[in-house]
Amino acid sequence: MSKENKLLEFRNLVTEFHTEGNVVKAVNDISFILNRGETVGVVGESGSGKSVTSLSAMRLIPNPPGIISSGEIIFHKKNNTSTDLLKITEEEMRSFRGNDIAMIFQEPMTSLNPVFKCGDQVMEAIMLHQKLSKEEAKKLTIKLFEEVQLPTPERIFDTYPHQISGGQKQRVMIAMAMSCQPSILIADEPTTALDVTVQKTILQLMQNLQKEHNMGIMFITHDLGVIAELADKVIVMYKGKIVEQGNVWDIFTNPQHPYTKGLLACRPPLNKRYTSLPTVSDFMKTDASGQIIDNGISISQFTKKLEIKAGVREEKNKEIYKQDPILKIKNLKTYFPIRNGFFGGVTDYVKAVNNVSFDVYPGETLGLVGESGCGKTTIGRSVLRLEEPTEGEIIYKGKDVVKMGADELRSFRKEVQIIFQDPYSSLNPRMTIGNAIMEPMQVHNILENDEARKEKVKSLLEKVSLDPSHFYRYPHEFSGGQRQRIGIARALAVSPKFIICDESVSALDVSVQAQVLNLLNELKEEFGLTYIFISHDLSVVKYMSNRMVVMQEGKIEEKGDSDEIYNSPKTAYTKKLIDAVPEGKLEDIKKALFEKGIEVS
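Residues take numbers from 1 onward in each chain, read along the sequence in its written order. In keeping with the model being predicted, local features are shown solely for residues with a pLDDT of at least 70 and side-chain atom pairs are shown and tallied solely at 80 or more, while totals for entire chains, interfaces and linings include all residues. Just so you know, side-chain values use all the structure's heavy atoms and leave hydrogens and water out.

**Points about unusual backbone geometry**
Item 1. Between Asn63 and Pro64 the backbone carries a cis peptide bond, its omega angle lying at -5°.
Item 2. Helix numbers and strand numbers start at the N terminus; a helix is a DSSP run of H or I with at least 4 residues, a strand a run of E with at least 2. Among the secondary structure elements, Pro64 is positioned in the loop between α1 (50-57) and β4 (66-76).
Item 3. Note the cis peptide between Pro64 and Pro65, where omega equals 5°.
Item 4. Within the secondary structure, Pro65 sits in the loop between α1 and β4.

Right, dumping it as structure tokens:
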């Protein structure tokens, strides 16, 4: 690649965090180049150093405890001059941020100011960098909102961040990042918690903007399926180091490092069924000194052993559907009032769940799938009466949950538990995780005393692959995957028969997601559990569930056997959901490369 095409160059970058006498090299001697018009995908699990790499480029490492201790980050300008971003003053760096290098963060709610309207925040960035008038900045903001496909841009201009969905907040962030037409866009997990359809449009949007402006994109994700559709080059990071890098075709057709093989293998496949999902540890181990040991196994060798033989699933399903349903939902409606005016009168209703009926059988996993706002989470919350249904029946073991009094409802909630999407917000930050798991046992008077409960909690921690000594630690001391395991242990503490998993793996790395999905299936077999599994990720729902209910705008689009729905969807909406899933198929990579004028054999 000629010097003229170089845009951002990392040379032997080391970024450290100094805490309580320890030095952690979050980024450890990495080097790579981002060229004009190119997308570099940086892949790895949480803690691999990929986000720290991007924050180092933006000079946003919090100091203390972080410090960029050595290396260079060279920004190459169009006029053949270059600047080492690590050697300029903070004031000079501010002129690069936004104008030349823009960043989209993973969690838009923490990036947007909750006290200012969305439009004002984008306008502020435009007026700061482009010296436009307020009127011109407003016009440009609304145009940007249209470009990122926000519905009713004028309305969203005047809304606060908390009034719009996660996907819409992320689009506001992309509009802000693109407002100054930067040379480089750094996208840090920008689509992780988004619906697959929203994700697809955002990826397409970024590709269009890239073509238009010959922009370089550094796209950070844990999902190699997304990388396959977007990237030209792939950087695979593990514990602060680059373990493999190369063009996207070579990485997908012939991965060399066992960690890359593990990441490629652990996403649930849509075209086949496995007894359990592969995990990174199936392809590699680390010894006491942290050295990686290659298990010497190929992806195809390993996954072949996991494929479920024809007829096994069908026989199992026959046994499940011979029984009477454990849960019957009949004509369920859950509406939320819209209040307006000085006296707060009800002017209309949001029909979150609108006349929904389905059954769940003992030992079944029923998948609820659909985009944000389709009503799937509201169904889960309505079953537990965390949201009060407006109309309809929820019959559990012959009793209508809607008509239960306080005592009956308490014993019902002992049998039916929920695992929430965000384990951090559902755990009390001031309570040790041991006490958090023990709390529902105390509420329901399970076991004779706290000493016995403590022993049960320790055995539950082991059951979800955590150490019993973690009993005394606090939620902030754990990773996202570990916190999700704590949420699962908490749900199991009262020995439930039925668990509602509400987007319980959507924010996890694909490798950690595979471990948690395997754990949920193992626990299901061991304890004879029944699940409602709620997710916007159709590949995960298909893998987990016997049957699937596809929802849109509070109503059921279609329901039936998961494989049948995937193989022959009956509605255009379901087909759209399936088509939007990034599978990382070789023919898709070949097609994407061909469109860029690159041919592969």
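**Comments concerning the sheet that holds strand β2 (residues 22-35)**
Item 1. The sheet built from four strands is open, its strands ordered β2-β1-β4-β5 with antiparallel pairing. The strands lining the two open edges of the sheet, one partner per strand, are β2 and β5 (82-84). Across the sheet, the mean angle from the axis of one strand to that of its neighbour is 5°, orientation sign disregarded.
Item 2. DSSP calls a pair of strands paired once it identifies at least 2 bridges connecting them. Direction of pairing for strand β1 (residues 6-19) relative to β2: antiparallel, over a ladder of eleven bridges. Counterpart to Thr19 in the pairing with β2 is Asn22.
Item 3. We call two residues in contact when some of their heavy atoms are within 4.5 Å. Inter-axis angles, ranging from 0 to 180 degrees, are taken between N-to-C directions of lines fitted to C-alpha atoms, where helices are fitted over the stretch in contact. This element, α1, spans β1, β2 and β4 of the sheet and lies at about 110° to β1.

**Regarding the environment of Glu462**
Item 1. Checked against the element boundaries, Glu462 lands in helix α17 (residues 450-463).
Item 2. Taking relative accessible area as the criterion, Glu462 reaches 53% and is therefore assigned exposed.
Item 3. A sequence separation of 363 residues divides Glu462 from Asn99, and the C-alpha atoms of the two residues are 50 Å apart. Exposure categories follow from relative accessible area, calculated using a 1.4 Å probe and restricted to protein chains: below 20% of the type maximum is buried, above 50% is exposed, and the middle band is partly exposed.

**Topic: the confidence of the model for the protein**
Item 1. In predicted models, pLDDT denotes the confidence assigned by the predictor to each residue on a 0 to 100 scale. The predicted model of the protein has a mean per-residue pLDDT of 89, with 98% of residues at 70 or higher.
Item 2. Averaged pLDDT values for the elements of the protein fall to 71 in helix α3 (residues 108-111) and rise to 97 in strand β16 (residues 391-396).

**As for the sheet that holds strand β9 (residues 233-238)**
Item 1. Strand order in the open sheet formed by six strands is β6-β7-β8-β3-β9-β10, with mixed pairing between adjacent strands. Where the open sheet ends on each side, the last strands, each with one partner, are β6 (101-104) and β10 (241-247). On average, adjacent strands in this sheet sit at an angle of 15° to one another, irrespective of strand direction.
Item 2. Helix-sheet contacts for α1 involve β3 (39-43), β6, β7 (184-188), β8 (216-221) and β9, and the interaxial angle to β8 is about 145°.
Item 3. On top of the sheet, helix α7 (residues 166-178) reaches β6 and β7; it is set at about 175° to β6, its chief contact.

**What about the nonpolar core?**
Item 1. Membership of the largest hydrophobic core comes to 62 residues, with the highest contact counts inside it found for Ile437, Ile488, Ile499, Leu517, Leu520, Phe533 and Leu538.
Item 2. Broken down by element, this core gets its largest block of residues, eight residues, from helix α19 (residues 510-527).
Item 3. Residues within four places of Leu520 in sequence aside, it is in contact with Ile419, Ile488, Cys501, Ser504, Tyr531, Phe533 and Met544.
Item 4. Each nonpolar core is a collection of buried residues, namely Ala, Val, Leu, Ile, Met, Phe, Trp, Tyr and Cys, held together in the definition by side-chain atoms within 4.5 Å. Core analysis: the second largest hydrophobic core is formed by 55 residues, Phe145, Ile174, Tyr238 and Tyr259 among them.

**So, helix α5 (residues 134-147)**
Item 1. Helices are assigned an expected span. That span is 1.5 Å times one less than the residue count. Over its 14 residues, α5 extends 20 Å from the first C-alpha to the last, a length consistent with the 20 Å expected when each residue adds 1.5 Å.
Item 2. For α5, the full list of buried residues reads Ala137, Thr141, Ile142, Leu144 and Phe145. Taken around the axis of α5, the buried residues stretch over an arc of 160°, which confines them to a single face. Exposed side of α5, more than 90 degrees from the buried face: Glu135 and Lys139 are the residues found there.
Item 3. Lining the buried residues of α5 we find α4 (118-130), α6 (153-157) and α7.
Item 4. Positioned one or two residues after α5, Gln149 has a phi angle of 60°, which is positive. For this quantity, the arc is that covered by the directions from the helix axis to the C-beta atoms.

**Overview of the side chain of Lys169**
Item 1. Inspection of the secondary structure puts Lys169 in helix α7.
Item 2. Polar contacts here mean pairs of N or O atoms no more than 3.5 Å apart (in protein, one a potential hydrogen donor and the other a potential acceptor; neighbouring residues in sequence count only if both atoms are side-chain atoms). One polar contact links the side chain of Lys169 to the main-chain carbonyl oxygen of Ile164, over a distance of 3.0 Å.

**Here's the deal with the packing of helix α18 (residues 480-492) against α19**
Item 1. Direction vectors running N to C along α18 and α19 enclose 15°, while the axes themselves pass 10 Å from each other. Taken together, α18 and α19 sit at an angle that is classed as roughly parallel. For the crossing formed where α18 meets α19, the hand is right-handed. Counting all contacts with α18, which are made through Gly481, Arg485, Ile488 and Leu492, the residues of α19 involved are Val512, Gln515, Val516, Leu519, Leu520, Leu523 and Phe527.
Item 2. Only Asp, Glu, Lys and Arg are considered charged, only Ala, Val, Leu, Ile, Met, Phe, Trp, Tyr, Cys and Pro nonpolar, and every remaining residue, Gly among them, polar. Residue composition of the contact of α18 with α19, grouped by class: eight nonpolar, two polar and one charged. Note on terminology: angles under 35 degrees are roughly parallel, angles over 145 are roughly antiparallel, angles of 65 to 115 are roughly perpendicular, and the others are oblique. Two helices crossing with the near one rotated counterclockwise from the far one by less than a right angle form a left-handed crossing, whereas a clockwise rotation gives a right-handed crossing.

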